[in-house]
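Listed below, chain by chain, are the residues.
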Amino acid sequence: MNIALAKTESGRAVENIFTAARDRLPGTGKVAEIRRQAFDAFERIGLPHRRLEDWKYTDLRALMREVLPLAPAPDAAALKRAEKALGSLKSVDACRLVLIDGVLAPSLSNQGALESGVRVQSLREVLEDGSNEVRADLLFIRADLLNNGEMYGPMVALNAAMATDGVIIAVAAGAALAKPLHIIHVATRSSAAIYTRSFLQIGKGARATLLESFVAADGAQSYQANDAVIVSLGDDAELQHVRLMADSADAVNISTAIFTVGAKARLNTFNQTSGGVLSRYQGYLTFAGEGSKVDANGVNLLNGRQHADTTLFLDHAVPNCASREIFRSVVDDRAHSVFQGRIIVQPKAQKTDAKMMTRALLLSDEAEADNKPELEIFADDVTCGHGATTGALDESLLFYLRARGLSEKEAQALLIQAFVGEAIESIASDALRELAILTAQRWLAARG
Amino acid sequence: MSLLEVKDLQVRVEDREILHGLSLTVNKGEVHAIMGPNGSGKSTLSHVIAGKPGYEVTGGEILFGGEDLLAMSPDQRSAKGVFLAFQYPVEIPGVTTMTFLRTALNAQRKARGESEFLVPEFLKKAYAVAERLNIPREMLKRGVNVGFSGGEKKRNEILQMALFEPALCILDEMDSGLDIDALRVAADGVNALRSPDRAMVVITHYQRLLNYIIPDFVHVMSKGRVVKSGGKELALELEASGYAQFEDAA
């Protein structure tokens, strides 16, 4: 549905931002043309608002109000701030790819640690390479643009228009990576916008782990991050994906992950949102081959006035696939958690096994959680189920723990950890699971 | 100085007075049994001593080691040495028994200014205690009480008692839901913890438990008060005559 709107003042402002940024955006000729088309697709709707069904709980037009100008490329000072922000993330044993304010920073990355069987290029270098025009053309999800940007929505279209950099990773068929690939997004500027787009292709029978971290340097405030990750998982391949979003407390993060899963493949994707005042993480997962399994789990840890929206679209397009979605959100103060889980089982997708469970824990009177499971089932030989609960901490459990010596805060922390535990336990990699647990523990400790 | 002194305790739950001036004195080394029919207020007494919310003390006081117990939070009471073995221990999925035990013991020790146990030391200690109680290590890796039978839940309470070494153990209807064998195992565990420095208050309906955990004193409660106290023979008398005579006396 296109809502034709007269160009508002804010609409003109965004146009100006795009025009001003154009020279910085890598790619000329055909690529520049596609960026223009993508921007037009964004403009047709503009910032999504609550009359769009997918955005009914997260009216970006009201909550975000404006699109900020593109962040300048990082200078030496920004690099320094970013390095400091990396902190303990540097000790994660991985192949580290650091994007600072939307630009790949080789000096803070360790591409030397790349294992054989993996190829990494920067989006910028591929787009600027004139000889790659045809390939560059494919990077921007043409199908979506042909559909007027509607398939993935205006924020993904805006991402296509404004992406400054990202990483393009190809894991060769049969390769089994020992170390995770770690994409670290660091924001160092205030009141600016960052757009990144990355691609991950896992070849047939290959196995890889992808970790994404979003952090802010000291002093980086009120920025907007828009990231898109497009993943294609080959037949018989396995991917463990963990995303930890810990942007600054007043930042906006609107991100998208698009997964296409081949036959007999396994995808385990986990997202933890603890940062940002406003965030939307949307996952599009499509089964393109039979006999595959997807686990898509997430945890929201929210306080203050945070608004975090996780929206998943899962398409059982082929038969004999299984999917599990476990979502847990912990909401304190006046925060607001949103989970929308839409599953479509296409007419030919017989023997589909799909389960979704979303639970919200409200820790205060003003906390709010919206859970919207949506199942559209067009095949008749399937097993599909969903559940959604919202509640407070169990008083009898709290008393039991207190009667054993735990203070009120300690008792709450133990129960909250148990609550999010089921979602975090699903992470197969020990190291990444520990990292997620550590982040959750820090959030709990900060409650005081 | 007595370990526990309950003086003229009056307690209201919602809009009903449950305890009407209950008095009880317990010294170290003693085992007291509290018996009475349903509704006599036995569980209310144990809950008020442990600090469960929802109970309003409208009169009287409770001194523990000479200190005002009612002024302390439940965790403070636990650190001071009060332990309530719950009648219906709760299940806590997602929290392993081992983690719970270590966190609880360390919380109590920290409150007392004692050093906390590190994981390896604690594991050793916990395994040793579990072995003495015939609790398999595998059980300690499961969620607290998750999937435990009634007997296993009660044994888990006793395991905690053995680990925390409280000064005052209140066993709230420990025999409920247990068959004879489970009862014997539980009672053995409790008896092994009897010591001159420890006091126990055994709350029960039935005399049978007291064949295994032999009390020094027996008190009969009816309608929110202690109506008769005596030695262990009183329990046998009760079994013969029932509670009815005490209902009228209350």
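Just so you know, these numbers come straight off a predicted model, no measurement behind them.

A. Region of the structure containing the overall build of chain B. Across its full length, chain B holds 10 helices and 12 strands. For 250 residues, the compact-globule formula gives about 18 Å, and the C-alpha radius of gyration of chain B, at 18 Å, lands near that figure. Buried residues in chain B amount to 44% of all 250 residues. Contacts spanning at least 24 positions in sequence make up 71% of the contacts within chain B whose residues lie at least 6 apart.

B. Structural detail: the packing of helix 3 (residues 97-111) of chain B against helix 6 (residues 150-164) of chain B. All names here are of chain B. Where helix 3 contacts helix 6, the axes come no closer than 11 Å and their chain directions differ by 35°. The two elements helix 3 and helix 6 cross, and the hand of that crossing is right-handed. Of the residues in helix 6, those in contact with T97, L101, L105 and Q108 of helix 3 are N156, Q160, L163 and F164. Tallied by class, the residues present in the contact of helix 3 with helix 6 amount to 4 nonpolar, 4 polar and no charged.

C. The arrangement of the sheet that holds strand 1 (residues 4-13) of chain B in detail. All names here are of chain B. Taken in spatial order, the 4 strands make up an open sheet running 2-1-4-5, and their pairing is antiparallel. Single-partner strands in this sheet number two, and they are strand 2 (16-26) and strand 5 (67-68). The pairing of strand 4 (residues 55-64) with strand 5 spans 2 bridges and is classified as antiparallel. In the strand pairing of strand 5, L63 is matched with D68.

D. Seen up close, the interface of chain A and chain B. Each side of the interface is counted separately: chain A has 16 residues, and chain B has 21 residues. Of all the elements in the fold, those that place two or more residues in the side of chain A that touches chain B are helix 9 (395-402) and helix 10 (408-425) of chain A. No other element matches the 6 residues that helix 10 of chain A contributes to the side of chain A that touches chain B. Of the residues contributing to the side of chain A that touches chain B, the split by class is 8 nonpolar, 4 polar and 4 charged.

E. How the structure looks around helix 2 (residues 30-45) of chain A. All names here are of chain A. Helix length check: helix 2, at 16 residues, gives a terminal C-alpha distance of 24 Å against a target of 22 Å (1.5 Å per residue), a fit within 8%. Considered for burial, the residues of helix 2 that qualify are V31, I34, R35, A38, F39, A41, F42 and I45. Considered in projection along helix 2, the buried side chains sweep an arc of 155° and stay on one side of the axis. Trailing helix 2 by a residue or two, G46 shows a phi angle of about 80°, which is positive.

F. Geometry of the pairing of strand 19 (residues 383-391) of chain A. All names here are of chain A. Little of strand 19 sits inside the fold, with 0 of its 9 residues counted as buried. Here strand 17 (residues 353-362) pairs with strand 19 via 9 bridges, running parallel. Each residue of the ladder has a partner; that of M357, found in strand 19, is G387.

G. How the structure looks around the pairing of strand 6 (residues 193-202) of chain A. All names here are of chain A. Of all 10 residues making up strand 6, 9 are buried, and the element is well covered by its neighbours. Here strand 4 (residues 167-171) pairs with strand 6 via 4 bridges, running parallel. Within strand 6, the position partnered with A170 by the bridge is Q201. Note that strand 6 and strand 8 (residues 224-233) share 10 bridges and pair parallel. Following the sheet pairing, S198 is matched in strand 8 by V229.

Definitions and cut-offs
Residues numbered from 1 in each chain as written. Chains lettered and ligands numbered in written order. Predicted model: local features only at pLDDT ≥ 70, side-chain atom pairs only at ≥ 80, totals over all residues. Helix = DSSP H or I, 4+ residues; strand = E, 2+ residues; numbered from the N terminus. Rg over C-alpha atoms; globule rule 2.2 N^0.38 Å. Buried ≥ 20, exposed ≤ 12 C-beta atoms within 10 Å, placed from the backbone. Contact = placed C-beta atoms within 7 Å. Axes fitted to C-alpha atoms, helices over the stretch in contact; angles between N-to-C directions. Left-handed = near helix turned anticlockwise from the far one by under 90°. Nonpolar A, V, L, I, M, F, W, Y, C, P; charged D, E, K, R; others polar. Pairing = 2+ DSSP bridges. Expected span 1.5 Å × (residues − 1). Arc of directions from axis to C-beta.

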